Structure formats: structure tokens, C-alpha cells
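Single-letter residue listing:
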Amino acid sequence: MSAIDFSDPATIALLTEALTAAGVNGLEISRPGGQLRIVVAGKGGARISSTGAMPRTPGSASAVVKAPMAGRFCVEHPTSAAPQNLPRSVSDADIVGFVGVGHILLPLRAGRSGILTRLLAEPGALVGFGDPLFEIELQS
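It should be emphasised that the depicted structure is a prediction, and the values quoted were computed from it without experimental measurement.

## Some remarks on the nonpolar core
Part 1 of the argument: Phe 73, Val 96, Leu 108, Val 127, Leu 133 and Phe 134 are the most contacted members of the largest nonpolar core, which totals 26 residues.
Part 2 of the argument: Going through the elements one at a time, helix H1 (9-22), strand S2 (34-39), strand S7 (95-101), strand S8 (104-109) and strand S11 (132-138) are the ones with two or more residues in this core.

Structure representation (C-alpha cells):
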């Protein structure tokens, strides 16, 4: 029996659909090579804690927004007509992008107030849990 490829979007989509059908709110799998976390949105929508935005180094004037799960990285909502230009000001609750698995999009919150200065991943790229996506210059 071969190991399940948790980097494959089709596998993640299948797991997500199975969790939704079973009424399960989420799943977390940890292996030596990485970690996969799937959170199924309820009536209030999916939530991402501020632990997704972590300082790069102690005392640093910038923070990094990281992927909360594996999927396709989207800078804008697929139905949005307005492009999101950088740099731009963001508050800690602002949605700065999305990670998508199949037809499910998980919003990414900035987690910190500041200036969204640059992308750290290409739009449309397959990203894994904890991959850096955005850099935020913190306001003092």
C-alpha cells in the first residue's frame, strides 16, 4: 500500500468533501515531512487565528502571513474584478488572500496591522501548511 500524497489538491479536496459529508469540523494530520490541517467552515465561516502571522525574527519590524493549510494560493477572490495592488495598508482583521482546495476557499487574515509590502508566493501556486505567503511591515 502506498502512502497518501497530502500535497495533491485532489486528495485534499476528497478529504474535505468526506469531512463535510460526515459532519466533521476538521482534521489535522502530522507526519515527519509536514502537517495537514483541514478546517470545515460552519455558519460563521472559516476562522484563522492570528498565529498565521508570525514575526520572521524576534524584534523584527515585519511579519509573515503563512498558509493555514495546503491548497492553491489566491491573492484575490475569483469573482473580484478589482486587483489588489501592493503595497497597501491592512488591519489585523483584513482578508489579504485565500487558500483554495477544489471549490472551497479559506480566507487569509492579515493577523497584524501594517503595510502589506510583498508576495512571498506566486498567485495560483500550490502551497503547503505554514508556507510564507505575504510580508507585512508593522506600524509602530
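## Details of the sheet that holds strand S5 (residues 71-74)
Backbone-to-backbone hydrogen bonds pair the strands of a sheet. The strands run either parallel or antiparallel.
Part 1 of the argument: Ordered by their spatial adjacency, four strands build an open sheet running S8-S7-S5-S10, and the pairing between neighbours is antiparallel. Pairing within the sheet leaves two strands with one partner each, and these edge strands are S8 and strand S10 (126-127).
Part 2 of the argument: As defined by bridge partners, S7 adjoins S8 across six bridges and the pair is classed as antiparallel. Note that in S8 the partner of Phe 98 across the bridge is Pro 107.
Part 3 of the argument: The sheet contacts of H1 involve S5, S7, S8 and S10, and relative to S7 the element is tilted by about 90°.

## Some details on the pattern of salt bridges
Part 1 of the argument: Throughout the structure, instances matching the rule amount to one salt bridge.
Part 2 of the argument: With a closest N to O distance of 3.1 Å, Glu 135 and Arg 118 form a salt bridge. Of this pair, Glu 135 sits in strand S11 while Arg 118 sits in strand S9 (residues 114-119), placing them 17 residues apart in sequence.
Part 3 of the argument: With relative accessibility at 41%, the residue Arg 118 sits in the partly exposed group.

## Side note on H1
Part 1 of the argument: An ideal rise of 1.5 Å per residue puts 20 Å on 14 residues; H1 measures up with 20 Å between its terminal C-alpha atoms.
Part 2 of the argument: For H1, the set of buried residues is Thr 11, Ile 12, Ala 13, Thr 16 and Leu 19.
Part 3 of the argument: In the segment just after H1, Gly 23 is the residue with positive phi, at about 75°.

## Quick look at the side chain of Arg 88
Part 1 of the argument: Mapped onto the elements, Arg 88 comes out in strand S6 (residues 88-90).
Part 2 of the argument: Despite being buried, Arg 88 has no salt bridge partner; Asp 94 is the closest side chain of opposite charge, sitting 6.5 Å away.
Part 3 of the argument: Discounting chain neighbours no more than four positions away, the residues touching Arg 88 are Ile 95, Val 96, Gly 114, Ile 115 and Leu 116.

## Section: the confidence of the model for the protein chain
Low pLDDT means the predicted coordinates in that region are not meant to be read closely.
Part 1 of the argument: Mean pLDDT for the protein chain: 77, with 81% of residues reaching 70 or above.
Part 2 of the argument: Mean pLDDT values for the elements of the protein chain range from 38 in strand S3 (residues 53-55) up to 93 in S11.
Part 3 of the argument: Note that residues 44-58 has pLDDT below 50 and, in this model, 27 contacts with residues that lie over four places away or in other chains.

Cut-offs applied
- Throughout this document, residue positions are counted from 1 along each chain, in the order its sequence is written.
- With pLDDT at 70 or above as the cut-off, local features in this predicted model cover only qualifying residues; side-chain atom pairs require 80 or more to be listed or tallied, and sums for whole chains, interfaces and linings still use all residues.
- Working from all heavy atoms in the structure, the side-chain values ignore hydrogens and water.
- By nonpolar core we mean a set of buried residues, namely Ala, Val, Leu, Ile, Met, Phe, Trp, Tyr and Cys, connected to one another through side-chain atoms within 4.5 Å.
- Partly exposed describes any residue whose relative accessible area lies between the buried limit of under 20% and the exposed limit of over 50%, with all areas from a 1.4 Å probe on protein chains only and scaled to the type maximum.
- Going along the chain from the N terminus, every DSSP run of H or I of four or more residues is numbered as a helix, and every run of E of two or more is numbered as a strand.
- Note: two strands are recorded as paired if DSSP finds a minimum of 2 bridges between them.
- Working rule for contacts: check all heavy atoms of both residues, and any pair within 4.5 Å makes them a contact.
- In this analysis, axes come from line fits to C-alpha atoms, helices being fitted only over the stretch in contact, and the angle between any two N-to-C directions falls in the range 0 to 180 degrees.
- When a carboxyl oxygen of Asp or Glu lies within 4 Å of a side-chain nitrogen of Lys or Arg, that pair is called a salt bridge.
- For a helix, the expected span equals 1.5 Å multiplied by the number of residues minus one.
- His is not counted here, nor are the chain ends, while Lys and Arg score as positive and Asp and Glu score as negative.
- Each residue gets a pLDDT score, which is the predictor's confidence in that residue and runs from 0 to 100.

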